[in-house]
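Chain by chain, the residues run as shown.
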Amino acid sequence: MILEEKDASDWIYRGEGGANLVLAYAASSPLFVGKVIRIQKAPKSDKANKTVLTSDEQLLWREHKELVSSPNKEVVEQRYVKDVIIPLLGPKHIDPGVRVSVSKEFLESVDKKVTKQRPPWRVNAANVDTSHDSALILNDHSLFSQGISSGDCLSVEIKPKCGFLPTSRFISEENKLKRSVSRFKMHQLLKLEQNEISEVSEYDPLDLFSGSKERVSEAVKALYSIPQNNFRVFLNGSLVLGGSGESTGRTSPETAHAFEDALKGFIQSDDGHRTKGFLQLVSDTVYDSGVLHKLLEVQKLDKLDIEGAIHCYYNIINQPCRICKEAGTLEESLHCLPLDESLKIVKDYLIAATAKDCSLMISFRLRNELDSAPSCDAVCLKSTNQTFDYKVHFIDLSMKPLKRMEAYYKLDNKIISFYTRKQKGEEQVGVPKRSDS
C-alpha cells in the first residue's frame, strides 16, 4: 500500500529530532492503530545533498553489506538499527520498524499540516524531505499494547545523554575539566549563554547511570523539575508533561497541579502524593531493569574522545589534519595508524554518538491480577502497594553521518572552552563555584 495525500490528516505531530519528524496515528485503520511514522527531514541549507552514503561512509561500514548497498536513507536507518545497534543493545528493547511507501503529495501535505506545531527554530532549519518514497512505521511506545484496549498506559520518555567521564590521554591539558565534569553539565552553561534554555538543569547523567538507587532517584526528580527536551510523559499516547519538539523550562506550580491531577486513577494515592509516587516508580524501574548498563557499554565505545578520534577521521577522508595544522604539531601516534584501525576508532565513535543521543521509553500498565502468566517485567510501587507491568524501549537510534565528526569537534571545543572560562572567571572574582550559575 501507499500513503496518499488524503491519509496525511490521519497523522498528528508527536515530536522531532535533528533528522526526523515523528507523527502518531489518530484514525482507525487496524494497520496503523498503535503506530507512529518517522519521516526524514531535509536541512534547508543542504538541498543538493541526496547521496545515500558517501564513498568514505561505504568504506567505514563495509562489513555490513546490506547497509552499504541500501537504495535510500530509510533503508540505511533500518539496516543500521538491525545490523549494528541490535547486536550491541539486544533485540528485547529495540523496534527496527517496517517501511511503508509514501507519495510525494502525502509528504508535502504532512509538511504543511505540522508546520504550526513545530518549534520555529526547527522549521527554519529543516522541512520534510519530499524526495523520499518511503517512511518508517514503528510501534507507539507511549501505548502499552498496540491496537488493544487494556487499561490506562502511562509512558515516560527520557533522553539520558552521556553517562561517563572520558579518560582519554588525547584530552589536552587546557580541556582537563572534561575528566571531572559531565558533558551535559558543561553544555548547559553554553546553552544558557546562547538563550537556548531559560535556566540550567539540575540533572546530571552521571547520577542516572551511577547504579546507585539514591542517585538514580535524584536524577529522575531533577528531570521532572526542569524537563527541557530530556523528559516527557504521556497518558494513553497524549502528552501530559514536557514539550513536543521544543525545550521546556522549570515545571510551574500550575503544570505540577495538572500533572498530579492527570495521575488520578493510575497512582492510587492522596492528592499531593501521586507525582512523588510516579517519580519513584520511574526511578525504581530504571534501576531494576538494568537497561542503562548496556547503553553505557555502547557509549563507552568512544575510547579516545573526539580529541583523539578527529585525527583518525582525517586519516579516513585522506586529507591533511586541520587540528594538527592549527596546533602546529603532528599527532603522530594516531596519524601513523593503519587505515583499518582508524576506521574502527571512528566507527565506534559514531556508534557511541548514537547511544549518547538516543531516548529511553518506559511504558507502564497496572498489572491484571487475573493474568496467571504475565509476559512482561513488573515493578512494585511500595508506597501504594501497586504492581505495574512495564516495557522499556530505546528510540531515536539514528546513524550519525561521517562528516559530522568536524562539527562534533567544534562543538566540543566550544563547550569546554566556555565552561573553563566561566570557572576561571568565578575563581578570579572569588565567587564560589556553582553548577547553576
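Let us look at the structure shown here. The numbering scheme is per chain: residues are counted from 1 as the chain's sequence reads. Only residues with pLDDT of at least 70 get local features here, since the model is predicted, and only at 80 or more are side-chain atom pairs given and counted; chain-wide, interface and lining totals rely on the full set of residues. As a convention, hydrogens and water are excluded, and side-chain values are obtained from all of the structure's heavy atoms.

**Description of empty space enclosed by the protein**
Then comes step 1: In this analysis, the protein atoms alone were mapped onto a 1 Å grid. Cavities are point sets where a 1.4 Å probe fits without being able to get out; pockets are open sets with protein on both sides within 12 Å along at least five of seven lines; lining residues have an atom within 4 Å of a point. Grid points are joined across faces, edges and corners, and a volume is the space filled by probe spheres set on the points. On inspection of all chains with the given rule, the structure shows one cavity of 30 Å³ or more.
Then comes step 2: Lining the largest cavity are N20, R38, Q40, E74, E77 and L136.
Then comes step 3: Classification convention: Asp, Glu, Lys, Arg as charged; Ala, Val, Leu, Ile, Met, Phe, Trp, Tyr, Cys, Pro as nonpolar; all other residues, Gly among them, as polar. Of the residues assigned to the lining of the largest cavity, the class counts are one nonpolar, two polar and three charged.

**Focus: helix α12 (residues 305–317)**
Then comes step 1: Numbering goes from the N terminus for both helices and strands, where a helix is a DSSP run of H or I of at least four residues and a strand is a run of E of at least two. A helix's residues, less one, multiplied by 1.5 Å, set its expected span. Given a rise of 1.5 Å per residue, 13 residues ought to cover 18 Å, and the 19 Å separating the end C-alpha atoms of α12 matches this to within 8%.
Then comes step 2: The cut-offs for exposure are 20% and 50% of the maximum accessible area for each residue type, with area from a 1.4 Å probe on protein chains only; residues under the lower value are buried, those over the upper are exposed, and the others partly exposed. With 13 of 13 residues buried, α12 is to be regarded as a mostly interior element.

**Thoughts on the sheet that holds strand β10 (residues 238–241)**
Then comes step 1: At least two DSSP bridges between two strands are required for those strands to pair. One open sheet holds the six strands; their spatial order is β10-β9-β8-β11-β13-β12, and the pairing between them is antiparallel. For this open sheet the edge positions go to β10 and β12 (377–381), each flanked by a neighbour on one side alone. Strand-to-strand twist across the sheet, computed as the mean angle between neighbouring axes with direction ignored, equals 30°.
Then comes step 2: Working rule for contacts: check all heavy atoms of both residues, and any pair within 4.5 Å makes them a contact. What counts as an axis is a line fitted to C-alpha atoms, over the stretch in contact for a helix, and the angles between N-to-C directions run from 0 to 180 degrees. Taken strand by strand, helix α9 (residues 253–262) contacts β9 (231–235) and β10, and its axis lies near 125° from that of β10.

**Considering helix α11 (residues 291–299)**
Because each turn of an α-helix spans 3.6 residues, side chains separated by three or four positions in sequence point in the same direction.
Then comes step 1: Among all positions of α11, only V291, L292, L295, L296, V298 and Q299 are buried. Here the buried residues of α11 occupy an arc of 160° about the axis, which is enough to place them on one side. Here, the arc refers to the directions that run from the helix axis to the C-beta atoms.

**Considerations on the state of the cysteines**
Defined simply, a disulfide is a covalent bond joining two cysteines at their sulfur atoms.
Then comes step 1: For this text, the term disulfide refers to a pair of cysteine sulfurs within 2.5 Å. By the definition in use, this model includes zero disulfides.
Then comes step 2: Take C321: it sits in no disulfide, and the sulfur closest to it among the cysteines is that of C324, at 3.7 Å.
Then comes step 3: Looking at the unpaired C380, the closest cysteine sulfur is the one in C376, lying at 16 Å.

**Re the side chain of K159**
Then comes step 1: With respect to the secondary-structure elements, K159 resides in the loop between β8 (154–158) and α6 (183–193).
Then comes step 2: One polar contact links the side chain of K159 to the main-chain carbonyl oxygen of D357, over a distance of 2.9 Å.
Then comes step 3: Those residues in contact with K159 that lie beyond four places of it in its chain are Y203, N229, N230, D357, C358 and S359. Distance and chemistry together define a polar contact, namely a pair of N or O atoms within 3.5 Å, with one atom able to donate a hydrogen and the other to accept it when in protein, and with adjacent residues in sequence counting only for side-chain atoms on both sides.

**A look at the environment of A378**
Then comes step 1: Its place among the elements puts A378 in strand β12.
Then comes step 2: Separated by 12 residues in the primary sequence, A378 and Y390 have C-alpha atoms spaced 5.7 Å apart.

**A short note on the nonpolar core**
Then comes step 1: Formed by 83 residues in total, the largest nonpolar core has its most connected members in L208, F231, F278, F364 and M405.
Then comes step 2: Every residue in contact with L208, bar those within four places of it in the chain, is listed here: I158, P160, Y203, V216, A219, V220, V286 and L292. We define a nonpolar core as any set of buried Ala, Val, Leu, Ile, Met, Phe, Trp, Tyr and Cys residues linked to one another through side-chain atoms lying within 4.5 Å.

**Things to note about the packing of aromatic side chains**
Then comes step 1: Under the pairing criterion, centres of Phe, Tyr and Trp rings, with the six-membered ring standing for Trp, must be within 6.5 Å; the plane angle then separates stacked pairs below 30 degrees from edge-to-face pairs above 60, leaving the rest tilted. Counting across every chain of the model gives 10 aromatic pairs.
Then comes step 2: Between F184 and Y203 the ring centres are 5.2 Å apart and the planes differ by 75°, which places this aromatic pair in the edge-to-face class. Of this pair, F184 sits in helix α6 while Y203 sits in the loop between α6 and α7 (205–208), and the two are 19 residues apart along the sequence. For the pair F184 and Y203, one class covers both residues: buried.
Then comes step 3: Through a chain of ring-to-ring contacts, the aromatic side chains of W11, Y25 and F32 assemble into a single cluster.

Honestly, it's all geometry; don't read function into it.
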